[in-house]
Amino acid sequence: MLRHFPPVNVAYSHRKRDYFIAAFTFFCVAVCLLSDANGSLGKQNALGVCAWVFLTGLLLGENREIRVQVVIAIMFATIGEHFASPFMGGYTYRFGNVPAYVPPGHGMVYLTAVALGRSGLFQRYAREIATSVVFVCGVWSVWGISGYAEQGDSVGALLFCVFLAYLFKGRSPMVYLAAFFITTWLELIGTAVGTWKWAAIDPVLGLPQGNPPSGVAAWYCLVDAVAMGGAAPVLKAAKSVRDWLKSAKLRKSAYQGAENE
């Protein structure tokens, strides 16, 4: 069950960059959502510009594969946002739109999950962190369906089961664990200040869901899985195109050389 977890009794190194990315994103998420709570549409757009600048800066120190993963995460998450929010009404932003800061925000959230997941702290204490996350999220999910919660959360309990499948069957459990922390942080802040609100009844399943659902991290894990799985084929395709263009250029040069002779 833990075959994809890091080995124990290994001296993992700590990179300051990983912790900086995480701390910076946690801070930016809080500032952005609190600023947007009562802000105008123009302010949302300004926050979006800032988010793109910050994300670009953070990506400068990453390799090509991570950059491609971030791009895929942004594209997939943005499509999902437009489908789940304005179209389906699973949750609703203040202006009924998808704020300008959301696409780059997904990029920063994904990058944070990757950075924390590869950090020495998460690698060294993987099992302890997993135990804590499963316990906390499990209690949260049970509370949601216990009848004591103000808003029932059957969807959250279902998503919690999906999250467990990602965690113990997926190939990147540390990224999923890290995603739980950053996504829980942003969901609790965003719903608390009213930046968005989850529908009391999920429009697809017809089941009650919390605001936010307890297992909401599972949705973000899906984004992470698509990003990590899609990067290799994209890079391979890009390499094939470059090789073909290089070959075509060489053939053209050889043909022109033959004509000149």
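Residues numbered from 1 in each chain as written. Predicted model: local features only at pLDDT ≥ 70, side-chain atom pairs only at ≥ 80, totals over all residues. Heavy atoms only, no water.

### Structural notes on the pattern of salt bridges
Evaluation of the coordinates by the stated rule reveals six salt bridges. Among the salt bridges present, the one from Asp-36 reaches Arg-94, with a minimum N-O distance of 3.2 Å. Highlighted residues: Asp-36 in helix H1 (residues 16-36) and Arg-94 in the loop between strand S1 (91-93) and helix H4 (102-118), separated in sequence by 58 residues. With relative accessibility at 0%, the residue Asp-36 sits in the buried group. (Salt bridge = Lys/Arg side-chain N within 4 Å of Asp/Glu carboxyl O. Helix = DSSP H or I, 4+ residues; strand = E, 2+ residues; numbered from the N terminus. Buried < 20%, exposed > 50% of the residue type's maximum accessible area, 1.4 Å probe, protein only.)

### Some details on the UniProt feature "transmembrane region" (unreviewed entry) in the protein chain
According to UniProt, the "transmembrane region" (unreviewed entry) feature falls on residues 20-38, 44-61, 68-88, 100-117, 129-146, 152-168, 175-196 and 216-235. Between the end C-alpha atoms of residues 44-61 the distance is 27 Å, and the span holds 89% helix and 0% strand. Between the C-alpha atoms that bound residues 100-117 the distance is 27 Å, and the span itself is 89% helix and 0% strand. (UniProt positions renumbered as here; feature names shortened; annotations may be inferred.)

### A short note on empty space enclosed by the protein
Regions of empty space are outlined by a rolling probe, equal in size to a water molecule, passed over the atoms. Applying the stated criterion to the full structure yields one cavity of 30 Å³ or more. Quantified by volume, the largest cavity comes out at close to 30 Å³. Lining of the largest cavity is provided by His-106, Val-109, Tyr-110, Tyr-220, Val-223 and Asp-224. Within the residue set of the lining of the largest cavity, elements represented by two or more residues are H4 and helix H9 (217-260). Among the residues forming the lining of the largest cavity, the class breakdown is four nonpolar, one polar and one charged. (1 Å grid on protein atoms, 1.4 Å probe; cavity = no way out; pocket = protein on both sides within 12 Å on 5 of 7 lines; lining within 4 Å. Points joined across faces, edges and corners; volume = space filled by probe spheres on them. Nonpolar A, V, L, I, M, F, W, Y, C, P; charged D, E, K, R; others polar.)

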